[in-house]
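Analysis of the macromolecular model
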Amino acid sequence: MSNPSLLILAGDGIGPEVMAEVKRIIDWFGANRGLTFDVSENLVGGCAYDAHGTPLTDATMAKAQEVDAVLLGAVGGPKYDSLDFGVKPERGLLRLRKEMDLYANLRPAQCFDALADFSSLKKDVVAGLDIMIVRELTSGVYFGEPRGIVKEGNERVGINTQRYTESEIARVARSAFELARRRNNKVCSMEKANVMESGVLWREVVTEVHQAEYQDVQLSHMYADAGAMQLTRAPKQFDVIVTDNLFGDLLSDLAAMLTGSLGMLPSASLGAPMANGRPKALYEPVHGSAPDIAGQGKANPIACILSFAMALRYSFDKGDEAARLERAVEDVLADGLRTADLMGPEGGSPVSTTGMGDAILAKLDAGL
Ligand code: NAD
Ligand code: IPM
Ligand code: MN
């Protein structure tokens with residue numbers, strides 16, 4: 001049988017820096033665990049625009065459709081802020097999500113014991129936190145039509161449209177219920193059914209899917225604004241949260257800070273099963289290209305490394321190897337190793353991106 005295939009799209013800013021550590025880890029699994037991947041690499045985002053005048057070429061898009069999984073670093077940066085909307089770096093990522101139909105974006109927020117003191121919230125509020133945000137990723141206001149900036153009389157009007165079909169809501173709801181069955185069996189669905197018709201439909205469809213197929217799972221509903229409040233007040237009340245594209249974007253950055261840093265949060269974007277039964281998949285950290293620290297060797301590679309662990313689990317059925325990698329990360333943090341984003345106001349001496357990679361590799365070696 002041929003090796004499983006991976007397409008690496010490191011992107012812009014800190015993307016290539018954090019991905020360099022993931023590549024070393026991929027090599028480690030090849031050398032030590034007999035897990036060899038056929039790895040190819042290409043450009044996405046601003047670097048693709050610089051090279052080809054587009055943030056994602058058709059050839060890279062086609063390759064992404066073909067491989068077993070895509071690993072992405074981050075896209076964007078101030079250099080590209082004034083580009084036309086259609087060729088902005090972020091459009092490359094949105095095209096990948098849309099054309100691969102990656103409708104379920106899993107964003108786990110786990111607070112490692114060693115970092116419980118570091119969160120901006122009190123330790124007892126976050127210690128032991130383990131929640132999963134399931135963000136709808138291919139529809140909603142990100143993609144709804146009409147959109148644009150149009151002239152109305154003497155002024156310009158900016159337009160975006162929130163739009164959800166029943167089937168789009170039902171399929172992401174199923175993803176959330178399925179995950180909950182393998183976790184603590186609770187789903188909280190978040191929308192704004194009090195002000196948005198799309199929210200009313202969201203609540204109805206989630207309830208219908210629950211009634212018809214998942215009565216064994218405990219379902220609750222919350223308005224997304226109250227959900228944000230509850231996530232900071234008592235985040236451990238949640239197990240799986242399912243929500244739309246925009247609310248999920250906001251709530252997952254919020255959840256990141258419960259774990260200590262945006263540099264900690266991985267994600268998996270999953271679509272329908274391919275011929276081999278595995279879902280179409282793209283794995284990427286929740287954070288962006290962090291232009292403020294790019295090129296300085298300061299970025300925390302853990303979010304990207306944990307995204308590869310999610311790939312091992314969800315695309316390659318290697319939950320035990322994923323756990324091995326997660327344990328190595330946990331052990332390094334328990335030893336007190338910190339990148340700069342994990343330093344408190346009192347400071348200390350942070351390790352570099354590569355230093356963190358070295359330490360995780362050393363733990364992997366030690367665990368053999
Ligand atoms: P950001 O996530 O890039 O950065 C926010 C803050 O978090 C910054 O202070 C940054 O230094 C810090 N940070 C983020 N990741 C870190 C890491 N791994 N280690 C240490 N610190 C880290 O968000 P932003 O500044 O709002 O956006 C910058 C650019 O990234 C924009 O162009 C935006 O569109 C893009 N973006 C891309 C993605 C993606 O590719 N998936 C996600 C979010 C933002
Ligand atoms: C994310 C990012 C993206 C989003 C951008 C870069 C398109 O913020 O992945 O969270 O808004 O979805
Ligand atoms: Mn975001």
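In this numbering scheme, every chain counts its residues from 1 along its sequence in written order. Lettering for chains starts from A, numbering for ligands starts from 1, and both go in the order in which the items are written. In view of the model being predicted, local features appear only for residues whose pLDDT reaches at least 70, and side-chain atom pairs are presented and counted only at 80 or more, with totals across whole chains, interfaces and linings using the full set of residues.

1. A word on the overall build of the chain
For clarity, the threshold we go by: For the purposes of this entry, the term helix denotes a DSSP run of H or I that reaches at least four residues, the term strand denotes a run of E that reaches at least two, and both are numbered from the N terminus. Radius of gyration: over C-alpha atoms. The globule rule applied is 2.2 Å multiplied by the number of residues raised to the 0.38 power. Partly exposed residues are those whose C-beta has more than 12 but fewer than 20 other C-beta atoms within 10 Å; with 20 or more the residue is buried, with 12 or fewer it is exposed, and the C-beta atoms are placed from the backbone. Working definition of a contact: two residues with C-beta atoms, positioned from the backbone, lying within 7 Å.
Helix and strand counts for the chain stand at 12 helices and 12 strands. Here the chain has a C-alpha radius of gyration of 20 Å; the compact-globule value for 368 residues is 21 Å, and the two agree. Summarising its shape, the C-alpha atoms of the chain cover approximately 60 × 50 × 50 Å along the three principal directions. Split into buried and exposed, the 368 residues of the chain put 46% on the buried side. Contacts in the chain between residues at least 24 apart in sequence constitute 74% of all its contacts with a sequence separation of at least 6.

2. Focus on the site of ligand 2
Applied cut-off: By definition, a residue lies near a molecule or strand when the C-beta atom built from its backbone is within 6 Å of it. Classification convention: Asp, Glu, Lys, Arg as charged; Ala, Val, Leu, Ile, Met, Phe, Trp, Tyr, Cys, Pro as nonpolar; all other residues, Gly among them, as polar.
Gly76, Glu90, Leu93, Leu94, Asp249, Val286 and Gly288 make up every residue found near ligand 2. In terms of residues, the shell around ligand 2 owes the most to one element, helix 4 (residues 89-99), which gives 3 residues. Considering only residue class, the shell around ligand 2 consists of 3 nonpolar, 2 polar and 2 charged.

3. Some words on the environment of isoleucine 169
Of note, isoleucine 169 is situated in helix 6 (residues 166-181). C-beta crowding within 10 Å serves as the criterion here: with 26 such atoms nearby, isoleucine 169 is assigned to the buried category. Here the alpha-carbon distance between isoleucine 169 and threonine 259, two residues 90 residues apart in the chain, equals 28 Å. Beyond its immediate chain neighbours, meaning those up to four positions away, isoleucine 169 contacts Tyr164, Leu201, Trp202, Val205 and Val206.

4. Some thoughts on the UniProt feature "domain: Isopropylmalate dehydrogenase-like" (unreviewed entry) in the chain
We count it as follows: UniProt positions are given in the numbering used here, feature names are shortened, and annotations may be inferred rather than shown by experiment.
Mapped onto the present numbering, the UniProt feature "domain: Isopropylmalate dehydrogenase-like" (unreviewed entry) falls on residues 5-360. With 40% helix and 21% strand, residues 5-360 has end C-alpha atoms that lie 24 Å from one another.

5. Structural notes on the pairing of strand 3 (residues 69-74)
Two faces belong to every sheet, and in a regular strand the side chains alternate between them. The line we're drawing: DSSP bridges decide pairing: two strands pair if at least two such bridges lie between them.
Among the 6 residues of strand 3, 6 are classified as buried, and the element is accordingly described as predominantly covered. Relative to strand 3, strand 1 (residues 5-11) runs parallel, the two sharing 5 bridges. Directly across from glycine 11, in strand 3, lies its bridge partner alanine 74. Alignment of strand 3 against strand 12 (residues 279-283), held across 2 bridges, turns out to be parallel. By the bridge assignment for strand 12, valine 70 is matched with leucine 282.

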